[in-house]
Each structure stands twice: as C-alpha cells, then as structure tokens.
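# Observations on the three-dimensional arrangement
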Amino acid sequence: MKLQDIISSGLLELYAAGIATEEEMLEVEEGIAQYPEVAAELKAISSGMEAYVNAYAIVPAAGVKEKIFSQINTVENGKRNTVGKSQVPGAKVIDINTFWKLTAAASVVLLIASIGLNIITYYKYSEADKNLLVATQTLGGLEEKNKIMEAGMNVVQSKYSVPVSLKGQQAAPGAAAKIFWMQNTGEVFIDPSNLPEAPEGKQYQLWAFVDGKPVDGGMILTSTKGDKYRIQKMKSFGKVEAFAVTLETEKGNQSPKGPIYVMGNM
Amino acid sequence: MEVTQKYGEDELVILLQKQDQQAFSYLYDNYASALNGIIFRLVEDKTLSEDILQEAFIKIWNNFSSYDKSKGRLFTWMMNLTRNLAIDTLRSKGYKKQNKISGDENSVNNLQDTSSGMDKFDSMGIRKQLSNLKPDQRIVIDLAYFNGFTQDEIAKEIGIPLGTVKTRMRTAILELRRILQYT
C-alpha cells in the first residue's frame, strides 16, 4: 500500500482503537516499519485519542494503587522465597489472588471427592473380595463334591459293576444299601446313603459271607462331614455269597456282634 | 514521597521492562484515571471499575514483556488491554449493558464528583472543546474506543456499510485532532 493510502484509509485509526482485523494489523505494521510518516501519523492519532480519553478520566479511590503494589510485591517476595523459608511469626498476611484461591478451593473439593470415591471403591473392592472368597470356597466345595459324585457315578455306570441290593432287616426295616461288585477287578463298593445315621460311638461295618462265614469287609464312613453318602471302596473278596451290614462299636469287630441292618445275596 | 519524576515514553518502557516499581508508580499516577474512566464507561459501577482497574495494572505489570514498542504507543496498548479486560468481565458476569451512546452527561456528572487535583489534564476545558465534535463523529469514536465494538458491530449500530467504517473513523478522529490540536 502506498504511503498516502495507508494514512488516508482510516486503518491507523482502527489500529489505534485496537479493532483492526489481523490482516489490517499486519498492513499497518508493515507501513510503520516502511514509512516514518505512518509511524508519526499513528502517534498523532494515539495522542489525540489519549487526550479524548483523558477528558473522561475518573480518579480511582486512593486504596487501589496500594492494593496493586501490595499484590505485585507479594508475587515478587514469593519469587524470592523459592527455598521454602518457614513463615516468620507475625509476618504479613499474603493476599493470594482470586485465581489461586479458586484453584486451591477446587483442589480441596477434588481431593475430598477423590477420598470419598476411594473409600467407596475400597468398600466395593473388599466386598467383592469377600464375595470372591465365598465363591471360591463354594466352588471348591462343589468341585470336591463333584469329584466324589463323579467317582460314584463311574462305579455305578461301569459296565463291569454288578449291583447287589441289601434290604432292611429287623433292626431297621426301612434301611437299604447297595453293593457294586466289579467283575473285572473284584473291587467292592458300597452306597450307604439309605442307612440311618449311626448313633454316637457306633459305626457300620460290612461283612461278606464266604463259605458261610462272615468276613470283615471294612468300616463304612457315615459320620464324617460330606462323606455320609459317598459311594466308598471296601475290601475285596474272592467268592462271596452274601453281604451284610451291622452296627458295631467304633473301629469295628473281628466278628459281627451288633444287629444286622441290611443284607442281600449275590 | 519523592518528587514525581518525569519520564519520556521510551525511558518508561525500558524501566518497566526491568520491572522498575518507581516507573510503575509513575505509570499509575499518569494513566490510572484515564483507564478508570474507560472502564467506568463500560461497566458503570465505581467499585467494579476499580476492581477491574486493579486487575488491569497487575496484568500490565506481569505482561509488560508482551508490549511491542514498534507497534504503537504504550497508552494505546494499556487502553486496549484494559478495555478488553472490562469487556471480558462484563461478558463473564453475564452483564448486558445497554450502549449509552449519548450518555456523556452521566460521565460528566460523575467526573465532577470524583475529580481531584491529581488530574493533570484540563478535563473540563477539553470537554468543552469536544462539544464541537459532531454527534455522528463522536458516536463512531466512542463505539470503537470505549465500547470496543468491532467494525462490523459499528456498521450495524449506526447503520452504515462496513466499508465506510474506516473512512468515518478517519474523518471523526481528524476532526478530534483538529479540535485538540494534535495534528
């Protein structure tokens, strides 16, 4: 732009008022750099405006200047005291500016919110942890039970197992038990789930009748927790004619002494 | 109190760049009233004006390094900074001030209440001279300098094409300068 055009365009006036667009500002700044006359004209415009603005000046209250200086001095002191000197007793109270006050307030609010959230999260976590423990224990128990049941099922479902029903006798007409005799291995299993609970101090004992004589078949576990209904392996025999279960004193006897609960022939 | 030192603008700028508090004190003494007047015309509240004025001077002190002497006078820079701060404050507080284009009488009355001997300018005399300025010239100056209107807003406010805002400004300020003898 030519010198006279810049001056007469009104751009300088807009520039001085601070309302020139970015593009216009660049034009003016180029003009200032290029022509001293443009700089001088801008100065005259600015001076005129200063006089105009001054005509409407209002003297501020006396305290304003003091506040400004105390504020800039506080900041200056803050800069100098970077080594974190401890506060001298009776030291001047520092006027922290609003932004920092708000920032501090916001930080406190956020901190409290965060702590609250942490507590809630912690409770939720420990609750979940407890639940997990319970679930794990339950699962463990179930797995154990499942294993036992599976073992039992294997016995029952095996193509070699021969079931023998033992029926309730005089001592317990309602009782029943089942023997599973494995043809291939000769193993003997018993399902005691339909025997009544053995009284304190007593235990069921299995007997196999071989050549008309009772032979000890082992103690049946009914009172141990979780073991009551388990299909359990007993002693093996050669040729068996019949099975019987009697209620004996704990740990059993050499020959049957207690009453016969159930009995069945092969 | 020391005798007020008289600084040239160049000297003042150099001292302020070095964060010289005495120079800053001089700056305040010489320009606070003018800047306060600008703020008051925007916010029309004495206490709020002074709060903004305080904030403006803190900003001037802290951001002095961003003042570029080659781009214009110090006062113009301070005036724009102050005005923008006042406008931002009005916006942030949700104010919707009506543009008092012919509200000069208000300012005059207010000025008589608050003027003091600190005022180095012959305000009354200048204002008397300024009454020679035509109203449509005065409006364009006021909208730009005091209200911080964009060119677009000025055009809409006084109902002229955008392209003539520049020339209208030029004519008005030339007249102002003629009256005040800043030629």
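Every chain begins its residue count from 1, and numbering advances along the sequence as written. All chains are assigned letters beginning with A, and all ligands numbers beginning with 1, in the order in which they are written. Two thresholds apply to this predicted model, a pLDDT of at least 70 for residue-level local features and 80 or more for giving and counting side-chain atom pairs, whereas whole-chain, interface and lining totals are computed over all residues.

## Focus: the overall build of chain B
- Strands here are runs of E lasting at least two residues and helices are runs of H or I lasting at least four, both read from the DSSP assignment and numbered beginning at the N terminus. Along the backbone of chain B there are nine helices and zero strands.
- The order of α-helices and β-strands along chain B, N terminus first, is α-α-α-α-α-α-α-α-α.
- As a rule, residues whose C-beta atom has 12 or fewer other C-beta atoms within 10 Å are exposed, those with 20 or more are buried, and those in between are partly exposed; C-beta atoms are placed from the backbone. Burial statistics for chain B: of 183 residues in total, 33% are counted as buried.
- Of all intrachain contacts in chain B linking residues separated by at least 6 positions in sequence, the fraction that spans at least 24 positions is 57%. Whether two residues are in contact is decided by their C-beta atoms, placed from the backbone, lying within 7 Å.

## Here we look at the pairing of strand β5 (residues 213-220) of chain A
Residues and elements named next belong to chain A.
- We call two strands paired when DSSP finds no fewer than two bridges between them. Note that strand β4 (residues 202-210) and β5 share seven bridges and pair antiparallel. Residue pairing in the sheet places L206 in a bridge with G218 of β5.
- Counting the residues in the hairpin turn of β4 and β5 gives two residues, including D211, whose phi is positive at 55 degrees.

## A word on the confidence of the model for chain B
Residue and element names in this part refer to chain B.
- A residue's pLDDT is simply how confident the predictor is in it, with values from 0 to 100. Here chain B averages 81 in pLDDT, and 80% of its residues register 70 or above.
- The low-confidence segment residues 97-120 (pLDDT under 50) makes 24 contacts with residues lying over four places distant or belonging to another chain.
- Interface scoring of the predicted complex returns ipTM 0.78; its pTM is 0.52.

## Describing the environment of A:I45
Residues and elements named next belong to chain A.
- Within the secondary structure, I45 is located in helix α4 (residues 36-54).
- We classify I45 as buried; it has 27 C-beta atoms within 10 Å.
- Counting along the chain gives 33 residues from I45 to L12, while the straight-line C-alpha distance between them is 7.7 Å.

## Let's talk about the sheet that holds strand β7 (residues 242-249) of chain A
Residue and element names in this part refer to chain A.
- Taken in spatial order, the eight strands line up as β5-β4-β7-β8-β1-β2-β3-β6 in an open sheet, and their pairing is antiparallel. Only two strands of the sheet have a single neighbouring strand rather than two, namely β5 and β6 (232-234). Strand after strand, the sheet turns through a mean of 30 degrees between neighbouring axes, direction not considered.
- Pairing of β7 with strand β8 (residues 260-265) involves five bridges; the strand directions are antiparallel. Across the sheet, residue A242 finds its bridge partner in β8, namely N265. Note on geometry: axes are lines fitted to C-alpha atoms, helical ones only across the stretch in contact, with angles between N-to-C directions running from 0 to 180 degrees.

## Some thoughts on helix α2 (residues 21-43) of chain B
- An expected span of 1.5 Å times one less than the residue number is assigned to each helix. Its 23 residues place the ends of α2(B) only 29 Å apart at the C-alpha level, less than the 33 Å of an ideal helix rising 1.5 Å per residue.
- Once α2(B) finishes, B:E44 follows within two positions and takes phi at roughly 55 degrees, a positive value.

## Looking at the pairing of strand β2 (residues 176-182) of chain A
Residue and element names in this part refer to chain A.
- Extensive coverage of β2 is indicated by the burial of five of its seven residues.
- Two elements, strand β1 (residues 161-168) and β2, share seven bridges in a ladder whose sense is antiparallel. Paired with L166 across the bridge in β2 is A177.
- Bridge count between β2 and strand β3 (residues 188-191): four bridges; the pairing is antiparallel. Bridge assignment links F180 to a residue of β3, and that residue is F189.
- Where β2 folds back on β3, the antiparallel hairpin that results is connected by five residues, among which G186 adopts a positive phi of roughly 80 degrees.

## Some points on the packing of helix α7 (residues 135-145) of chain B against helix α8 (residues 151-158) of chain B
Residues and elements named next belong to chain B.
- One way to put it is that α7 packs onto α8 with a least axis distance of 10 Å and a crossing angle of 145 degrees. For the pair α7 and α8, the sense of crossing is right-handed. For the pair α7 and α8, contact is made by I139, V140, L143 and A144 and by I154, E157 and I158, respectively. The sense of a crossing depends on the near helix, which, turned anticlockwise from the far helix by less than a right angle, makes the crossing left-handed and, turned clockwise, makes it right-handed.

## Side note on the interface of chain A and chain B
- With 38 residues of chain A at the interface, the matching set in chain B holds 53 residues.
- Going through the elements one at a time, α1 (3-9), α2 (11-17), α3 (22-34), α4 and α5 (63-80) of chain A are the ones with two or more residues in the side of chain A that touches chain B.
- Considering every element that reaches the side of chain A that touches chain B, the biggest residue donor is α4(A), with 13 residues.
- Classification convention: Asp, Glu, Lys, Arg as charged; Ala, Val, Leu, Ile, Met, Phe, Trp, Tyr, Cys, Pro as nonpolar; all other residues, Gly among them, as polar. The residue inventory of the side of chain A that touches chain B, partitioned by class, reads 23 nonpolar, nine polar and six charged.

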